[in-house]
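# Observations on the three-dimensional arrangement
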Amino acid sequence: MQRAAATWERYLRGRYSLYRYRYTAAVWQKVLFAFGMACLTGLAAQIRIPLPWTPVPITGQTFAVLLSGVLLGKWWGGISQVFYVGIGAAGVPWFSGWSGGVGCLTGPTGGYLIGFILAALFLGFFTDSFINSRRFLPMLGLMLFANFVLIHGPGLIWLNTFPYELWLKDVPILGLGPYSGRGLLPLLMVGTIPFIPGDITKAVVAALITKGIAPKEAYNGELDKGRIWRIP
């Protein structure tokens, strides 16, 4: 029992020291961390399942995006995704399907890429600013918001500007018939609804990882130090 308690105590000290270190690291070190997270996002993007009725594939990108804010914190999680989007747009083929170039950013999935930056900034802010956000349920709620509002929101807005008839001509959308207008339901059918189960699963796993690795002690003067969030 004593050995187990000592091991647990070392683990708690270790995760606190790790987060304290990444918070106080030099700028050049944070740049390296952000670039490393961008590389991880690029690798996760290659976990790809194309769907016949939409240009938006199922990928592992969002899992890496959700964790980038948690692992790198305020600003730097978002910067990691700026690196990912910017370097990919410059031509490095690390977008989904080993693609790259500005055409990916201006194509039908470009809005989701911009959403990655917003989601990582949002989660990084909460991770560094609020101790209680690092618990499972609050973090799960934040990740679901980041995923379905901050990623899917820009994604759907941008996707809606594209002439779907060019890539959905005579292709039934889950039994609704060919898309021929600008209805909300067909837009959701190609841009959000097919991804809900996978995105929820990724958010749950990412929130569990956050619960395990993020310290529940203050390391940078968090705003809720000494307070517990209570769900009414």
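Residues numbered from 1 in each chain as written. Predicted model: local features only at pLDDT ≥ 70, side-chain atom pairs only at ≥ 80, totals over all residues. Heavy atoms only, no water.

## Focus on the nonpolar core
Ranked by internal contacts, the top residues of the largest apolar core, which has 47 residues, are L66, Y84, F122, L123, M139, M143 and A146. For this core, the secondary structure elements donating two or more residues are α2 (27-44), α3 (61-72), α4 (76-89), α6 (110-129), α7 (136-159), α9 (184-191) and α10 (196-213). Per-element accounting of this core gives the leading share, nine residues, to α7. (Core = buried A, V, L, I, M, F, W, Y, C linked by side-chain atoms within 4.5 Å. Buried < 20%, exposed > 50% of the residue type's maximum accessible area, 1.4 Å probe, protein only. Helix = DSSP H or I, 4+ residues; strand = E, 2+ residues; numbered from the N terminus.)

## Points about the packing of α3 against α6
When two helices pack together, their arrangement is given by the angle between the helix axes and the distance between those axes. Contact geometry for α3 and α6: axes closest at 6 Å, N-to-C directions at 35 degrees. Considering only the axes of α3 and α6, their crossing is right-handed. Contacts between α3 and α6 involve Q61, T62, V65, L66, S68, G69 and V70 from the former and L113, F116, A119, A120, L123, G124 and T127 from the latter. Grouping the constituent residues of the contact of α3 with α6 by class yields eight nonpolar, six polar and no charged. (Axes fitted to C-alpha atoms, helices over the stretch in contact; angles between N-to-C directions. Left-handed = near helix turned anticlockwise from the far one by under 90°. Contact = heavy atoms within 4.5 Å. Nonpolar A, V, L, I, M, F, W, Y, C, P; charged D, E, K, R; others polar.)

## Examining unusual backbone geometry
A negative phi angle is the norm for most residues apart from glycine, just as the trans form is the norm for most peptide bonds. The backbone phi angle of W75 is positive, close to 70 degrees, even though this residue is not glycine. One non-glycine residue, W98, lies in the positive phi region at around 55 degrees.

## Here we look at the environment of A203
Along the chain, A203 turns up in helix α10. Sequence separation between A203 and T62 is 141 residues, and the spatial gap between their C-alpha atoms is 8.6 Å. Leave out the neighbours within four places in its chain, and A203 touches L66, L140, M143 and L144.

## Points about the confidence of the model for the protein
Summarising the model, the protein shows a mean pLDDT of 86, and 89% of its residues fall at 70 or more. By mean pLDDT, helix α8 (residues 165-168) is the weakest element of the protein at 51, and α4 is the strongest at 96. Overall, residues 169-180 carries pLDDT values under 50, and its contacts beyond four positions in sequence, including any with other chains, amount to 22 contacts. (pLDDT = per-residue confidence, 0-100.)

## Regarding the side chain of T210
As for its position among the elements, T210 is in helix α10. On the basis of relative accessible area, T210 is assigned to the buried category, the value being 0%. Those residues in contact with T210, other than ones at most four positions away along the chain, are L67, V70, R134, M139, M143 and K216.

## Some thoughts on the pattern of salt bridges
Tallied over the full model, the rule gives four salt bridges. With a shortest N-O distance of 3.9 Å, E9 and R13 are connected by a salt bridge. Of this pair, E9 and R13 both sit in helix α1 (residues 2-24), four residues apart, which is roughly one turn of the helix. Owing to a relative accessible area of 39%, E9 belongs among the partly exposed residues under this scheme. Judged by its relative accessible area of 45%, R13 falls in the partly exposed class. A salt bridge links R134 to E222, with the shortest nitrogen-to-oxygen separation between them at 2.4 Å. With R134 in the loop between α6 and α7 and E222 in the segment after α10, this residue pair connects regions lying 88 residues apart in the sequence. When sorted by exposure, R134 lands in the same class as E222, which is buried. (Salt bridge = Lys/Arg side-chain N within 4 Å of Asp/Glu carboxyl O.)

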